[in-house]
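Close look at the chain arrangement
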Amino acid sequence: MWFCNPSFGQDVPKKVPKPDPLEELKGFTQTYYYSPGHQGRAKSIAVLMESAGKYFQREIEFTPQTTIYILAPQDWKSVAAKPLHDVYGFPHNIDDVRLAIAAEDNDFWRSFLPPVEQLPPPMALQVKKAYGKTDGSYTMMPFFDLLALHEMGHSYTSQAGLKMHRYWMGELFVNIMLHTYIAENQPELLPALETFPNLVIGAGTAEFKFTSLEDFERLYPTLGMGAKNYGWYQCKLHSAAKNIYNAGGDAILKKLWKALQTHQEEMTDKEFANMLKTEVHPSVANVYLTWDKID
Ligand SMILES: [Zn+2]
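In short, a report on the structure. (Residues numbered from 1 in each chain as written. Predicted model: local features only at pLDDT ≥ 70, side-chain atom pairs only at ≥ 80, totals over all residues. Heavy atoms only, no water.)

Let us now look at the nonpolar core. By size, the foremost hydrophobic cluster in this structure holds 106 residues, and its most contacted members are Met169, Leu172 and Leu276. Not counting chain neighbours up to four residues away, the residues in contact with Met169 comprise Met164, Leu256, Leu260, Phe272, Leu276 and Val284. (Core = buried A, V, L, I, M, F, W, Y, C linked by side-chain atoms within 4.5 Å. Buried < 20%, exposed > 50% of the residue type's maximum accessible area, 1.4 Å probe, protein only. Contact = heavy atoms within 4.5 Å.)

Here's what the structure looks like:
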């Protein structure tokens, strides 16, 4: 979440020493440190990351070096970025190299799930299929696990020196990476990826003080909109990524990567939208032009 820490751009060693009491998963190209007892979760996340890494290497010809922490609650505070010390479960980049994700289900994930029996029946069915457990309870874990790829996406753009121009583009881009990888390679995971944003956006905006893209830009550096309101923005950007992929397929990811690599100059909002429309795809410009209509 999908948060990208402002310490980005600082020089960070590519191989970060393992903090105690974490353990290291061997046999993968990236570095994975996990809390004791969570080897299975670490492994399944590593398999997803490595498979995506191969796909992105083919598509955009770049692979960053990352260190991924899969953390139990007791190890969260000592590793997580400071603004998120108290929000266990909020996946984020600590810097260009290090990503933190939760190993266990938690209150933050649960806070997004309303009572399922009160949802409209078609939505309740979607939620049951995507997040239902055999014991009748629910977990958002299948969605949040995919966000490891979102976080890794930030390491791609920062380590490759792309200019994201706007905070919303920084977040949208990695959601396009995530959506494109899943749709092209593991479409069986699409319900887990799409249901959560559908659910959050479908619930409306009454709960949220901030909903405009201007507010997002202004409040992003300090997470000034609060963790949950930020989650709502991310859901809009996940839906936008889905719409973009559905409008133009995997070609958009490559075109957008190239455009953000090439255009290092400052642009006004209008110039930026125009560049996206003419050089990438109108659906990408529409995120800015028709933000309120994204669903
Ligand atoms: Zn992010």
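The rest of the description comes next.
Turning to the pairing of strand S3 (residues 31–34), a few remarks are in order. Burial of S3 is two-sided: the residues Thr31 and Tyr33 facing one way and the residues Tyr32 and Tyr34 facing the other way are all buried. Note that strand S2 (residues 23–25) and S3 share three bridges and pair antiparallel. Bridging across to S3, Glu23 finds its partner in Tyr34. Between S2 and S3, which follow one another and run antiparallel, lie five residues, and Gly27 among them has a positive phi close to 95°. Between the parallel elements S3 and strand S4 (residues 67–71), the chain passes through helix H1 (residues 39–60) in a crossover that is left-handed. (Helix = DSSP H or I, 4+ residues; strand = E, 2+ residues; numbered from the N terminus. Pairing = 2+ DSSP bridges. Right-handed = clockwise from strand over helix to strand, strands pointing away.)

Let us now look at the pattern of salt bridges. Within the structure shown, the criterion is met by twelve salt bridges. Across the pair Lys163 and Glu266 runs a salt bridge whose closest N-O atoms are separated by 3.0 Å. Note that Lys163 is positioned in the loop between helix H5 (141–159) and helix H6 (167–185) and Glu266 in the loop between helix H10 (251–262) and helix H11 (269–280), a separation of 103 residues in sequence. Across the pair Glu207 and Lys228 runs a salt bridge whose closest N-O atoms are separated by 2.9 Å. With Glu207 in the loop between helix H7 (190–202) and helix H8 (213–219) and Lys228 in helix H9 (residues 227–248), this pair connects stretches of sequence that are 21 residues apart. The exposure class of Glu207 is exposed, given its relative accessible area of 55%. A residue is classified by how much of its surface remains accessible, and Lys228, at 24% relative accessible area, is partly exposed. It is possible to trace a salt-bridge network through shared partners that takes in Asp105, Asp107 and Arg110. (Salt bridge = Lys/Arg side-chain N within 4 Å of Asp/Glu carboxyl O.)

Take it as geometry only, folks, not as evidence of what the structure does.
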